[in-house]
Amino acid sequence: MGEVLERSRRKTSRRRPRTAADSAGLAALQTLAESYSYANIQREAAAGQSVLWGGWSWDSPLIYACDTIPLGYDQLWYDDSRKSEAIAEDHFQVPGEFCSMIKAMIGRLHSDRDNNIKRILHFGSGCEPISSVLELAKRDGYDVETLDTVTAFRTAEKRASGIAFLVSELRRIGFWLTGHPVDEERVADEIRRKNLLLTKVETLLDLRARHPLYIPGIQTKQIFMGAMHMFGNPEQFGIVLDTLIAELRALDRHPEPANYIPLVLAGSVGNQRLFQAIEESGGGIAGWVYHGTQKYDETLPPLESLAHFVLDAQARGDLGEAVGASVAYRRILVEEEVRKTGARGIISSSIIGCPYASLMQQLERDHFSKLGIPLIALETDVHREPPTEEQIMRVKAFVEMLS
Amino acid sequence: MKANDVFGDDLVATLPQITTIGVDIGSRQAKAALIGGGSVHTAITASGVDSQETADRLVNRLLRQAGVTRDDLGFVVGTGYGRIALSYEDVPTTIVTEISCHAMGAHALNRGTRTIIDIGGQDAKAIRVDPENGRVIEFIMNDKCAAGTGRFLERIAELLGYTLEELGERSLESDKKIDISSQCVVFAESEVISLKAKGERPQDIAAAIHLASARRVRNLVNRLGLDPEIVFCGGVSNNLGMKQALESLVGHPFTTPKLDMVYAGAVGAAVLAQRHYQAGHA
Ligand code: SF4
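Residues numbered from 1 in each chain as written. Chains lettered and ligands numbered in written order. Predicted model: local features only at pLDDT ≥ 70, side-chain atom pairs only at ≥ 80, totals over all residues. Heavy atoms only, no water.

## Remarks on the overall build of chain A
Summing up its helical and strand segments, chain A has 17 helices and eight strands in all. In chain A, buried positions account for 59% of the 403 residues. In chain A, the proportion of contacts linking residues at least 24 apart, taken out of those at least 6 apart, comes to 73%. Of the roughly 16000 Å² of accessible surface on chain A, a fraction of 52% belongs to carbon and sulfur atoms. Here chain A contributes 46 positively and 55 negatively charged side chains, and the mean placements of these two sets differ by 5 Å. (Helix = DSSP H or I, 4+ residues; strand = E, 2+ residues; numbered from the N terminus. Buried < 20%, exposed > 50% of the residue type's maximum accessible area, 1.4 Å probe, protein only. Contact = heavy atoms within 4.5 Å. Areas by Shrake-Rupley, 256 points an atom, 1.4 Å probe, with all protein chains shown as cover. Lys, Arg positive; Asp, Glu negative; His and termini not counted. Charge placed at Lys NZ, Arg CZ, Asp CG, Glu CD.)

This is the structure in structure tokens:
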């Protein structure tokens, strides 16, 4: 019963600005995110800017040091995803029940095969189906480079030979992008710049944990993505973060009672309407296990620092399937986040048809059921249509149950 | 019906002296319940295209039945898939999911309820309820597969030449066990057609379909754990064939409250509306 009562009270007590219209930081974030669109970057590529698909994650300092903008794969399904999926199923015969990300990716790469972003960088330790899809993309004339697989599931397994191998792979990629050996000083600069931004993101997330409704889920996801690729404009991203941090600090000076059910979100939610459903029903994503905010070691030679970063991320479970972390790790990070934020429940999210995430969710379900922490497993896709009413209802009922 | 008979004296004693309505707009049927003046009234109709219009019809019917006017209404709670469209300018209204409403409804109608199996027009849910207060402890729902849902059974009834009501009743006349191998709606339909072509009796096919569907629901419920007392509600709860098949698979008889459990969601919504009023949300 209390859920409904709580919700009505909440409606009257949310006086703070909550939308991009009310917050200068959120408005600036929106403008920045919109500028980092496939169409805009395509225009930059046509004007001679070096651009590539991929390279937006742990490897972005190297890509920026090569004067190249990394374009996130998510732009491949940002629009026309249904059409792209149909191409994957009809032309490439990808089974219908397969991951919608994969299908949208290969379909869009195929339909856009004549445009000017033709280079793709992939990390071989990441999602295996993506590797297969990129093999198909080669037939459409894409220049695909794969950083060969190196894996260390535990820090102790991080061998010097593995680091040396990854460093040589990164050098090869630098050469592929620029035609000459990469300027390692530039990589070091980029690492310092990214570390600075990651520190800001960390501060922002800590502050946000106390005001989860001020920066809603959709915008928080943008910040996580920005922490990786910086929207092709690291300076502006830094300004956005500073603005938002200042706004959150101002809220911190006048604390109000928490009028939401604190939740931890594990993974991303493909469908944005689900974020709204969580927040409309009184849930606040106080903690989020998505991309980590770990820093690069600036004391190491820069390419080694990148190599250590990715292998450490694998051993911690940060960056998940993007770097081939074990499915067993996310639940540990989620548990830490639950303890840190005092969350009352967990929303575990995955993409329908993802073999990696479905196993991870099963492990999470069992683990948190033993601990007695309520968890709801959501499966979404990459399409932009609103989620089904059943999906929304499950989310709302979960929040009602926790209130 | 007297509220004390339906809910018991203990619950009625905690309710304010006010008239409230719960409206549950399902995918197939819309149900509503009015609590007020010491009585409980219910109404049901087919869900129309326009949820608000359907709800208005039900509300007016209930007001007439109870002999009260709109001005007497203290609070309305809307639930069900059509709930999003519900709003009243002249009566305080809020929306609650059917999971919470069914839990509260089953609790109000049978205080010991611990597990609810709810099969509606297009989904099946299992809900664990706190018998102390009717709050949801855990729930699970199957919204991807139509097997066993009202929509599926409607289609099978059509194929066998029965009405939906007859499908359940006639399945109890079965004296031959037939195995339906497919649990998928599409394949089960073609299996029914070929069983008919082979000359199997419709009663036996109906019983087989109920058992196959019940197996699917049992698997869902098993994931949640089954604590008796179990209450069966939702649109399919009146189907005797399905009830019997589920009881035999689950291994526990279902508790039968005093009111038709098709109204559980609406009654739960009306009880929640009483609580809202009590909390001063009007
Ligand atoms: S969702 Fe899973 S299968 Fe799909 S691209 Fe990501 S890791 Fe690969």
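## A few points about the domain arrangement of chain A
Residue and element names in this part refer to chain A. Under the domain assignment used here, chain A contains domain 1 (1-21 + 187-257) and domain 2 (260-403). Centre-to-centre, using C-alpha coordinates, domain 1 lies 17 Å away from domain 2. Taken together, the 30 residues of domain 1 in the interface contact 32 residues of domain 2. Taking both sides of the interface into account, the surface hidden between domain 1 and domain 2 amounts to around 2800 Å²; carbon and sulfur atoms contribute 64%. Of all residues in domain 1, Ile218, Lys221 and Phe224 give up the largest surface area on contact with domain 2, accounting jointly for 21% of the area buried on that side. Remark: the boundary between domain 1 and domain 2 carries one salt bridge. When the shortest N-O distance is used, the salt bridge between Lys295 and Glu202 registers 2.7 Å. For the interface between domain 1 and domain 2, the tally reads eight residue pairs in polar contact (both at pLDDT 80 or more). (Domains from an automatic or database assignment. Buried area = accessible area lost by both parts, 1.4 Å probe. Salt bridge = Lys/Arg side-chain N within 4 Å of Asp/Glu carboxyl O. Polar contact = N/O pair within 3.5 Å; in protein donor to acceptor, adjacent residues only side chain to side chain.)

## Considerations on the domain arrangement of chain B
Residue and element names in this part refer to chain B. If you check the domain split of chain B, you get domain 1 (1-110 + 258-282) and domain 2 (114-256). Distance between the C-alpha centres of domain 1 and domain 2: 26 Å. Carbon and sulfur atoms make up 60% of the surface buried where domain 1 meets domain 2, a total of about 1700 Å² over both sides. Linking domain 1 with domain 2 are zero salt bridges. Counting across the interface, domain 1 meets domain 2 through five residue pairs in polar contact (both at pLDDT 80 or more).

## Some thoughts on the packing of aromatic side chains
All names here are of chain A. The full count for this structure, using the stated rule, is 10 aromatic pairs over all chains. Measuring from ring centre to ring centre gives 5.5 Å for Phe231 and Phe237, while their planes differ by 65 degrees; the resulting arrangement is edge-to-face. Neither Phe231 nor Phe237 differs from the other in exposure class; each is buried. Between Phe275 and Trp288, the ring centres sit 5.6 Å apart and the planes meet at 55 degrees, which makes this aromatic pair tilted. Of this pair, Phe275 sits in helix 12 (residues 272-280) while Trp288 is found in strand 6 (residues 283-289), placing the two residues 13 residues apart along the sequence. Residue Phe275 shares its accessibility class with Trp288, and that shared class is buried. Through successive ring pairs, a cluster of aromatic residues spans Phe224, Phe275, Trp288 and Tyr290. The residue whose ring lies beneath Arg119 is Trp176, and the NZ or CZ to ring-centre distance is 5.9 Å. (Phe/Tyr/Trp six-rings, centres within 6.5 Å; stacked < 30°, edge-to-face > 60°. Lys NZ or Arg CZ within 6 Å of the ring centre and 35° of its normal.)

## Observations regarding the pairing of strand 1 (residues 19-25) of chain B
Residue and element names in this part refer to chain B. Counting buried positions along strand 1 yields seven of seven residues, so the element is predominantly enclosed. Residues Thr19, Ile21, Val23 and Ile25 line one face of strand 1 and the alternating positions Thr20, Gly22 and Asp24 line the opposite face, and both faces are buried. Taken together, the six bridges between strand 1 and strand 4 (residues 73-79) define a ladder with parallel strand orientation. In the sheet register, Gly22 faces strand 4, and the bridge partner there is Val77. Relative to strand 2 (residues 29-36), strand 1 runs antiparallel, the two sharing six bridges. Residue pairing in the sheet places Gly22 in a bridge with Ala33 of strand 2. The antiparallel pairing of strand 1 with strand 2 creates a hairpin that spans three residues between the two strands. (Pairing = 2+ DSSP bridges.)

## Here we look at the sheet that holds strand 8 (residues 375-380) of chain A
All names here are of chain A. An order of 6-5-7-8 is seen for the four strands of this open sheet, with the pairing classed as parallel. Bordering the open sheet on either side are strand 6 and strand 8, each of which pairs with just one other strand. Adjacent strand axes in the sheet meet at a mean angle of 30 degrees, parallel and antiparallel pairs treated alike. Bridging between strand 7 (residues 345-351) and strand 8 involves six bridges; their strand directions are parallel. Note on strand 8: the bridge partner recorded for Ile346 is Leu375. (Axes fitted to C-alpha atoms, helices over the stretch in contact; angles between N-to-C directions.)

## Things to note about the sheet that holds strand 6 (residues 115-119) of chain B
Residues and elements named next belong to chain B. Taking strand neighbours across the sheet as the criterion, the four strands line up as 8-7-6-9 in an open arrangement whose pairing is mixed. The open sheet has two edge strands, strand 8 (136-142) and strand 9 (230-233), and neither has a second partner. Strand after strand, the sheet turns through a mean of 15 degrees between neighbouring axes, direction not considered. Relative to strand 9, strand 6 is paired through four bridges, and the arrangement is parallel. When the bridges of strand 9 are listed, Asp118 appears paired with Cys233.

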